[in-house]
Structure formats: structure tokens, C-alpha cells
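# Understanding the architecture of this molecule
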Amino acid sequence: MPAITADTLPLPRITAPSASDTERPVRSITTGPRGYEGEGFPVVRAFAGVSAADLDPFVHMDQMGEVDYEPGEPRGTDWHPHRGFETVTYMIDGRFAHQDSHGGGGLITDGATQWMTAGSGILHIETPPAELVESGGLFHGIQLWVNLPRRDKFAPPRYQAIEGNEVKLLASDDGGALVRVIAGEIDGQHGPGVTHTPITLAHTTIQPGARLALPWHPEFNALVYVLSGRGAVGPARHPIRQGQLAVLGAGDRISVAADTTQDSHRPALEVLLLGGKPIREPVVHYGPFVMNSKAELIQALEDYQAGKFGTIPPNALMPHRI
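No experiment lies behind these values; they were computed from the predicted model shown. (Residues numbered from 1 in each chain as written. Predicted model: local features only at pLDDT ≥ 70, side-chain atom pairs only at ≥ 80, totals over all residues. Heavy atoms only, no water.)

Each helix and strand counted, the chain has 3 helices and 26 strands in total. Radius of gyration (C-alpha) of the chain: 19 Å, near the 20 Å computed for a compact globule of 322 residues. Counting every position in the chain, which comprises 322 residues, the buried fraction comes to 56%. Considering only contacts in the chain between residues 6 or more positions apart, those separated by 24 or more positions represent 74%. (Helix = DSSP H or I, 4+ residues; strand = E, 2+ residues; numbered from the N terminus. Rg over C-alpha atoms; globule rule 2.2 N^0.38 Å. Buried < 20%, exposed > 50% of the residue type's maximum accessible area, 1.4 Å probe, protein only. Contact = heavy atoms within 4.5 Å.)

Another point: the nonpolar core. By size, the foremost hydrophobic cluster in this structure holds 31 residues, and its most contacted members are Phe 47, Met 61, Trp 115, Leu 144 and Leu 274. In terms of nonpolar packing, the next biggest core, distinct from the first, is built from 27 residues, Leu 212, Ala 222, Leu 248 and Val 256 among them. (Core = buried A, V, L, I, M, F, W, Y, C linked by side-chain atoms within 4.5 Å.)

A separate point is the packing of aromatic side chains. Overall, the coordinates contain 4 aromatic pairs when judged by the stated rule. For the pair Phe 96 and Phe 139, a centre-to-centre distance of 5.0 Å together with 65° between the ring planes defines the contact as edge-to-face. Pair noted here: Phe 96 is in strand β7 (residues 95–100) and Phe 139 is in strand β11 (residues 137–147), with a separation of 43 residues, a long-range link. Both residues of the pair, Phe 96 and Phe 139, count as buried. (Phe/Tyr/Trp six-rings, centres within 6.5 Å; stacked < 30°, edge-to-face > 60°.)

A few words now on the pattern of salt bridges. Evaluation of the coordinates by the stated rule reveals 11 salt bridges. A salt bridge links Asp 21 to Arg 253; the shortest N-O distance between them is 3.2 Å. With Asp 21 in the segment before β1 (26–31) and Arg 253 in strand β23 (residues 253–258), the pair connects residues that are 232 residues apart, well separated along the chain. Residue classification places Arg 253 among the buried residues on the basis of a relative accessible area of 6%. Here Arg 45 makes a salt bridge to Asp 62, at a shortest N to O gap of 2.7 Å. Taken together, the residues Arg 45 in strand β3 (residues 41–45) and Asp 62 in strand β4 (residues 58–69) connect sequence positions 17 residues apart. One salt-bridge network, held together by shared partners, links Arg 83, Asp 303 and Lys 308. (Salt bridge = Lys/Arg side-chain N within 4 Å of Asp/Glu carboxyl O.)

Cross-referencing UniProt, the feature "domain: Pirin C-terminal" (unreviewed entry) maps to residues 202–310 in the present numbering. Along residues 202–310 one finds 11% helix and 46% strand; the C-alpha atoms at either end are 32 Å apart. (UniProt positions renumbered as here; feature names shortened; annotations may be inferred.)

On to the sheet that holds strand β10 (residues 122–127). Paired through backbone hydrogen bonds, the strands of a sheet run either parallel or antiparallel to each other. The 4 strands are arranged β5-β10-β7-β8 in an open sheet whose pairing can be described as antiparallel. Looking along the sheet, the strands with just one partner apiece sit at the ends: β5 (80–82) and β8 (105–109). The mean angle between the axes of side-by-side strands here comes to 30°, regardless of whether they run parallel or antiparallel. As judged from the 4 bridges shared by β7 and β10, these two strands associate in the antiparallel manner. Within β10, the residue paired with Gln 99 across the bridge is Ile 125. (Pairing = 2+ DSSP bridges. Axes fitted to C-alpha atoms, helices over the stretch in contact; angles between N-to-C directions.)

As for its position among the elements, Gln 262 is in the loop between β23 and β24 (269–276). In this structure the side chain of Gln 262 is engaged in a polar contact, spanning 2.7 Å, whose partner is the backbone oxygen of Arg 230. At a separation of 3.1 Å, a polar atom in the side chain of Gln 262 contacts the main-chain carbonyl oxygen of Asp 259. In contact with Gln 262, not counting residues within four places along its chain, are Pro 208, Gly 229, Arg 230, Pro 267, Ala 268 and Leu 269. (Polar contact = N/O pair within 3.5 Å; in protein donor to acceptor, adjacent residues only side chain to side chain.)

Okay, the pairing of β24 next. Counting buried positions along β24 yields 8 of 8 residues, so the element is predominantly enclosed. Burial along β24 is two-sided: Leu 269, Val 271, Leu 273 and Gly 275 facing one way and Glu 270, Leu 272, Leu 274 and Gly 276 facing the other are all buried. Two elements, strand β17 (residues 199–206) and β24, share 8 bridges in a ladder whose sense is antiparallel. Each residue of the ladder has a partner; that of Thr 205, found in β24, is Glu 270.

Taking 1.5 Å of rise per residue, 12 residues should cover 16 Å, and helix α3 (residues 294–305) covers 17 Å from first to last C-alpha, within 8% of that figure. Taken together, the buried positions of α3 are Leu 297, Ala 300 and Asp 303. One side of α3 carries all its buried residues, which in axial view fall inside an arc of 125°. Pointing more than 90 degrees away from the buried face of α3 are the exposed residues Lys 294, Ala 295 and Gln 305. The inward-facing, buried residues of α3 contact β25 (284–286) and β26 (289–291). Taken from the residues just after α3, Gly 307 is the one with a positive phi, measuring 80°. (Expected span 1.5 Å × (residues − 1). Arc of directions from axis to C-beta.)

This is how it looks when you write it as C-alpha cells:
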């Protein structure tokens, strides 16, 4: 990702904590197992072992990479369906090409986000562009699935391209942390992502020895995922490191601190902050479909097989293989 720090630009400062704030305690810390997705790109299953009730309104999250590919190694997905939720692909480093059956698409690169509302049904593909497959290079990102409430399960599909320079940048009160607000609101500052479900999604970089304390909507759940580096979370300063997810309890403020010493190739603590208003509806999840009942899952599969999710466009993007 292009180098930006909290002191690079004159950024709005997040309000410092007050004596009346309640800091959210840590309820659990889990370590995501490693696996493979699509045609074989490495991922960390960030939500593995966490209850659906703690994650609500989120369903699934993979950290893609961080990997420095040799030529010919980059992998993506082939064309596949979705219904009933939103996919959010955030590229930290590298490039991913997207295309869908409703006309959405483009190149997602350093700091950009594609926000795709599958809604009633869509086909799409995400794959490294040909030049990245041929040259190799750094690849690192996140794919997050955001559930849709029952009333929006069959909303028309929608695609949002959010470039890296469009996110809202904030600095911690002491300038030691940079916060990129992709969607939702932090301390009265709003990110560009438009969501059906009220959520907040932000990526923060915390310099060694610095601490970030920021207000968080009291009706939202709160999840802290470490993309890279080492630090501590919550009032009791629970240790946390790359690939771990902290589920926080009730309160109105989140705190995360970076260890004074980081690895040489990980100069700062990189953290994803996410939370939302729980939907509290039944969730039946199978493969690429997230619905409210088994009958709806069966209907989704039948509709997909009947071609009701759209068609793959002529001259469509396809996985590039050497």
C-alpha cells in the first residue's frame, strides 16, 4: 500500500477519551487457520471458531495473502454465484480484477475496495490480471461477507468501486495512528461505502509504541483483526498478533496498542476494525448463498441452475494461466 502516515497530511484528530467512556473489554481471541480459496490462493480464515451471534451482521472473512508470488503463481476465482449478502474486497497490496453479470467490474488495486451487493443473485469473477500472473508480485487483501436482512435479501444487485484516495483519513489524538474509514462512521467522520446494513469498517496503522482509542457505536458489535504486527487490545491489554481476531464486549470505545518493537518486515501494527448492528435473524449458509431458511437455499440453487442470476458476458474476464 502507498506509504501514508498520520503526520503526512493535516488530518482530523479523533477525540481523546473522556472519564465517562466505557472501554470495551476482550471477550475472546481466536487464531484463524490457514487454507486455500478459489483456484488456490492462500488465505487466513479470520472468523473460524467464532460464534455466528458474535459476528452478526458479518458472515465470513478471509485475509488473502500476504504473499509475494513468483511468476505464474498468482491465483483467483473462476465465475461463481452469490445471493443474499454483500461481498467486500479490500486490496491492501497488489491487484485483483473483478467482473460481474450485472455490468460491475474493474481493477481493485493498492488501497481500493469493491463493494458488491449480491442481493437477488449475481455471477462474478475475481482474478489477478494477466500481467500480475506473468510477473508475480505482492498480493494482500481482505474479503468480507456482510449479511443482508430479510427485507433486502432480494434487493437488486449493486456494485461500488471505492478508490484508495476516497476513504476518509483520520489520525489518533496523539498522531501515532492512521485510520482509514472505508464504510460507516467514526467520531462523526464518514467513509464512502454505502451499506444496506449499518456497519463500520476501517483499516488502521498504529506506529510502534503508539495507542489508538476511538469511539464506537454502542449498539454495534466490535471486532479487531490483526493484519500484521503485534500489539495489545482492550483495557487489560490482551496480547494480539497477526491472524488473530478479538471479539469485544459492550462499551463505547475501542483501544488497540502497538508493541514498541515490531519485526523488521512489519514496521507497524496493521489492524482491521469492524462492527455493525446485529440483524438477529436466522442465518442458513451454504457455499455462496446466505439465506434465512433451508427452503431459500434450495430455491437459490435452483434459480442459479436455471440461469436466473444473469449470464457471463461475451468476451468475459477469465482466469489467466501460464
